Amino acid sequence: MGVGVLLVVAVGLWFARRVDGDSTNFLVAGRSLALPLSAAGLMGQAVDSNATLGNTDLTFSLGFWAGASLPLGLALCLLLTGLLFAARMNAMGLYTLPDFYRRIYGRGVEMTASVLMIASFCILLAGNLVAGGYLFEAFLGASYTGGVLIIVGVVLAYTITGGMFSDAYTALVQMVITVIGSVSLLVWVAATYGLSTPEGLGPFDLEQLTSASAGAPINWATLVSLGIGDIVAIDFMQRIFSAGSPSIARRACFVGAAMTAGVGVVYALVALAIVPVLGPEPATPVLFALLEGFAPAWLAVLVLSAIVAASCSTANGVILGTASVAVRNIRGLRDPAIGTGDSRTDPLLRAVRWTMPLVCALAILLALRVPQTGILLTLAFDLLLACLLVPFVAGHWWPRRATAAAAVAAVVVGLVVRLTLFVLTPTIFGAENTLLYVPNDLVGPGFDGYPTFIGFAASLLAFVVVALLRPPRQPAVLPVREDLAATSTDARPVT
């Protein structure tokens, strides 16, 4: 496992040289990534500890659709993004996702979107740090807090130097490790215990998607929150901006979706197969219990390396994307110094690097406060679904009605409704609400899952009502990347 971590760090530091003091290289890899690197980056952001450890824990205790909804939701997000948005977003020549909100809706909406994205992605980063804390506590004898700090140190070592170039090349290595580890685990479990599924918990037991008593509202909320809410994910979009062309960005989404779904289903099937092996109340995470007590040493090392790789791959992208948004879209430091060869003369690059440790500090605090995995992932994108998705989609497909007033209405109403329901509901996607719960007699655990849909519906209604009441506008023609404007049919402006 240590060898795998050192390999990832070495690769990240080696390719950090390509930054060459240029913030465009640092933030979006010079907009030059080929299909394998783009697809690996997208898959690396989707296949994280939430989609592996969180997936297996939820599947083991609640059924296939409770756990597999995490990776399948992320795969659905990549599929929809590839079909509807990837080529367009790549062609705009953006640096961060909030740049889009500024161009469509203005500075105020950009600032609001940036704050919400930073909050959501600190939650996402915390979920990956939780997995690292558990892993190092269980297998290396470190404390949980020590494990969290180790993961942060490893990721910062190469992300703060190499940015998107280090992210892209380490993601390729990490995803190779993840695929090999996942396939090896599935083959070993199938050969040793078979791939039977407990009654009522398998992928074809569709009451998990149709019956409230079997968790259908929570399972559908997970699929919708990740499959649709994750479209406005700063880490996914930054990899789309880094692709060499709109066509590469689109195809990378499709490849990433297929690989994410495949790896996620593997972990879910493994979790179902080991229910009779571990018994009804094993130590959690259940995958650690299997590896520590039953698996051969070589397999345990391989799978643990895959989990660490998945966590690091997602964490470095989140750290880079969140710090970029904080500096570029909140602080307003936008203009990179192109081709200086010296980071000291590029204030954008220097500021992003200084901001990264602050992002990590916020995530560490949250990871120590809420040691959950899959729940944190879903909660993060529930907020984006309720606030930012509707203005994003309208900016592409209903531009004449995409006004700043409509966007503000969607954000405010969605946020108020979702947070109100959050503090009133005693559970979050099946887990106890330890973040912020106000005891009450109005809402019980049976309401869990429904706030996802209510928050999104309220945001959509608010946007439509205000958009129709306000006069339509002439939409601005968004700029197209200079290197594509004259040649690429995909590089058409969004009007």
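Placed above this text is the structure.
Here we summarise the structure given alongside this text. (Residues numbered from 1 in each chain as written. Predicted model: local features only at pLDDT ≥ 70, side-chain atom pairs only at ≥ 80, totals over all residues. Heavy atoms only, no water.)

Focus on the packing of aromatic side chains
Phase 1 of the analysis: Counted by the stated rule, this structure contains nine aromatic pairs.
Phase 2 of the analysis: Arranged with centres 5.2 Å apart and planes meeting at 85°, the rings of Phe64 and Trp65 form a pair that is edge-to-face.
Phase 3 of the analysis: Take Trp65: its relative accessible area is 17%, and that puts it in the buried class.
Phase 4 of the analysis: Measuring from centroid to centroid gives 5.9 Å for Phe100 and Tyr101, while their planes differ by 90°, and the two rings are edge-to-face.
Phase 5 of the analysis: Through a chain of ring-to-ring contacts, three or more aromatic side chains come together here, namely Phe85, Phe100, Tyr101, Tyr105 and Phe392.
Phase 6 of the analysis: Taking NZ or CZ as reference, Arg31 lies 4.7 Å from the ring centre of Tyr95, over its face.
Phase 7 of the analysis: Residue placement shows Arg88 over the ring face of Trp397; its charged tip is 4.3 Å from the ring centre. (Phe/Tyr/Trp six-rings, centres within 6.5 Å; stacked < 30°, edge-to-face > 60°. Buried < 20%, exposed > 50% of the residue type's maximum accessible area, 1.4 Å probe, protein only. Lys NZ or Arg CZ within 6 Å of the ring centre and 35° of its normal.)

Notes on the packing of helix H9 (residues 144–193) against helix H13 (residues 246–273)
Phase 1 of the analysis: Where H9 meets H13, the closest approach of the two axes is 10 Å, and the angle between their N-to-C directions is 30°. In this view, H9 runs roughly parallel relative to H13, as classed from their interaxial angle. For H9 against H13, the interelement crossing comes out left-handed. Seen from H9, the contacting residues are Thr178, Val179, Ser182, Leu185, Leu186 and Val189; seen from H13, they are Met259, Val263, Val266, Tyr267, Leu269, Val270 and Ala273.
Phase 2 of the analysis: Looking at the contact of H9 with H13, its residues break down into eleven nonpolar, two polar and no charged. (Axes fitted to C-alpha atoms, helices over the stretch in contact; angles between N-to-C directions. Helix = DSSP H or I, 4+ residues; strand = E, 2+ residues; numbered from the N terminus. Parallel < 35°, antiparallel > 145°, perpendicular 65-115°, else oblique. Left-handed = near helix turned anticlockwise from the far one by under 90°. Contact = heavy atoms within 4.5 Å. Nonpolar A, V, L, I, M, F, W, Y, C, P; charged D, E, K, R; others polar.)

Such coordinate-based values are descriptive only and should not be taken to indicate function.
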